[in-house]
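Structural characterization, general
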Amino acid sequence: QFFVDSKDSTCTHMNEFQYLALGDSYTIGEGVEEESRWPNQLALKLKSVGIAVNKVEIIATTGWTTHDLLKGIETRSPGKHNLISLLIGVNNQHQKLPFEKFEKEFEMLLNKAIELVDDKSHVFVVSIPDYGVTPYGAENPIGIGKEIDKYNAQISMACEAKEIPLVDITGISREMANVKDALAEDKLHPSAAQYTRWTESILPVVAELLQK
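Note that the structure is predicted; figures quoted are calculated from it, not measured. Every chain begins its residue count from 1, and numbering advances along the sequence as written. Whole-chain, interface and lining totals are the exception, using all residues; otherwise, since this is a predicted model, local features are given only for residues with pLDDT of at least 70 and side-chain atom pairs are given and counted only at 80 or more. Neither water nor hydrogens contribute to the side-chain values; these are computed over all heavy atoms in the structure.

Each reported salt bridge corresponds to a side-chain nitrogen of Lys or Arg within 4 Å of a carboxyl oxygen of Asp or Glu. Taken as a whole, this structure holds nine salt bridges when the rule is applied. Here Asp149 and Arg174 are joined by a salt bridge, their closest N and O atoms 2.9 Å apart. Pair noted here: Asp149 is in helix H6 (residues 141-161) and Arg174 is in helix H7 (residues 170-175), with a separation of 25 residues, a long-range link. Taking the relative accessible area as the measure of exposure, Arg174 reaches 31% and is therefore partly exposed. Members of the salt-bridge network, linked through shared partners, are Lys55, Glu57 and Arg76. Only DSSP runs of H or I with at least four residues qualify as helices, and only runs of E with at least two residues qualify as strands; both kinds are numbered from the N terminus onward. The classification of residues rests on relative accessible area computed with a 1.4 Å probe and restricted to protein chains. Under 20% of the type maximum is buried, over 50% is exposed, and intermediate values are partly exposed.

Right, let's get into the pairing of strand E2 (residues 16-23). For a regular strand, side-chain orientation follows a simple rule: the groups alternate between the two sheet faces. The element E2 is extensively covered by neighbouring structure, given that six of its eight residues are classed as buried. A pair of strands is treated as paired once DSSP finds two or more bridges between them. Taken together, the eight bridges between E2 and strand E3 (residues 52-60) define a ladder with parallel strand orientation. Considered in E3, the bridge of Glu16 is made with Ala52. Summarising the sheet, E2 and strand E4 (residues 83-87) pair through five bridges and their orientation is parallel. Bridge pairing in E4 places Ala21 opposite Ser85.

The next subject is the packing of aromatic side chains. Classification of ring pairs rests on two measures: the distance between centres of Phe, Tyr or Trp rings, Trp counted by its six-membered ring, which must be within 6.5 Å, and the angle between planes, read as stacked under 30 degrees, edge-to-face over 60 and tilted in between. Taken as a whole and assessed by the stated rule, the structure comprises nine aromatic pairs. Consider the rings of Phe102 and Phe106, whose centres lie 5.5 Å apart with planes at 35°: the pair is tilted. Of this pair, Phe102 and Phe106 both sit in helix H5 (residues 99-116), four residues apart, roughly one helical turn. Overall, the relative accessible area of 0% leaves Phe102 in the buried class. Residue class for Phe106 comes out buried when judged on its relative accessible area of 2%. Measuring from centroid to centroid gives 4.7 Å for Phe102 and Tyr151, while their planes differ by 55°, and the two rings are tilted. With a gap of 49 residues between them, Phe102 in helix H5 and Tyr151 in helix H6 connect regions that are remote in the sequence. On the accessibility criterion, Tyr151 (5% relative accessible area) is buried. Ring pairing ties together the aromatic residues Phe99, Phe102, Phe106 and Tyr151, which thus form one cluster. Both a distance and an angle decide whether a charge sits over a ring: NZ of Lys or CZ of Arg must be within 6 Å of the ring centre and within 35 degrees of the ring normal. Sitting over the ring of Phe99, Lys150 keeps its end group 4.4 Å from the ring centre.

With that out of the way, let us pick up the side chain of Ser85. You can see Ser85 is positioned in strand E4. Taking relative accessible area as the criterion, Ser85 reaches 1% and is therefore assigned buried. We call two residues in contact when some of their heavy atoms are within 4.5 Å. Filtering out sequence-adjacent residues up to four positions away, Ser85 remains in contact with Tyr19, Leu20, Ala21, Leu22, Trp38 and Phe124.

We now examine the packing of helix H3 (residues 66-76) against H5. The convention used is that axes are lines fitted to C-alpha atoms, helices contributing only their stretch in contact, and that angles between N-to-C directions extend from 0 to 180 degrees. At a closest axis distance of 9 Å, the pairing of H3 and H5 adopts a crossing angle of 30°. If you check the angle between H3 and H5, you find them roughly parallel. The element H3 and its partner H5 pack so that their crossing is left-handed. Contacts between H3 and H5 pair Thr66, His67, Leu69, Leu70 and Ile73 from the former with Lys101, Phe102, Glu105, Phe106, Met108, Leu109, Lys112 and Leu116 from the latter. A breakdown of the residues in the contact of H3 with H5 according to their chemical character gives eight nonpolar, two polar and three charged. Geometric relationships in this document are graded by angle, where less than 35 degrees denotes roughly parallel, more than 145 denotes roughly antiparallel, 65 to 115 denotes roughly perpendicular, and other angles denote oblique. Crossing handedness is read from the near helix: turned anticlockwise from the far helix by less than a right angle, it gives a left-handed crossing, and turned clockwise, a right-handed one. Nonpolar residues are Ala, Val, Leu, Ile, Met, Phe, Trp, Tyr, Cys and Pro. Charged residues are Asp, Glu, Lys and Arg, and all others, Gly as well, are polar.

Take it as geometry only, folks, not as evidence of what the structure does.
Take a look at the structure:
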């Protein structure tokens, strides 16, 4: 199940936003309940500060690379939205795909997000967390961390070139490396509690975008 429509229509006096979240396992929330995914938590938090999100649509699947996400968007053909997020790249790194392929396809995904949003200033990107600090990445934590930094540096440059805000949650993933209950049961993906920490960092950036 890739999307959920909010049934709360009590905020009709506010500007209502249709939110499209693009990504992979970190966006679909592998290992957590639907309401605990960070895009869903973000929508709820935005409502609490007076910004109504009446639909959250997610195009994301565990294991997706940039290529897979491009294909997924093409298949789903989402209409126009007025808020779009993008978090992608960890599977390119994990599958050791050519970095140049990531550079090209991430650029294409940014362009696609801009094409699908009604206001370019309502697109934001979230950095890739560092799974090297999880038990799954324990055999090569330093190497994985360096590669994640390389991917995030490219993401940062691409966002800066298009004046798209980038929210850095990589630091949070590292800070929570030894925090109890920071991971889902698979000991790889973030728990609901960690996604809440992400949401706390993402919220002020998005609220500012939408209140301009």
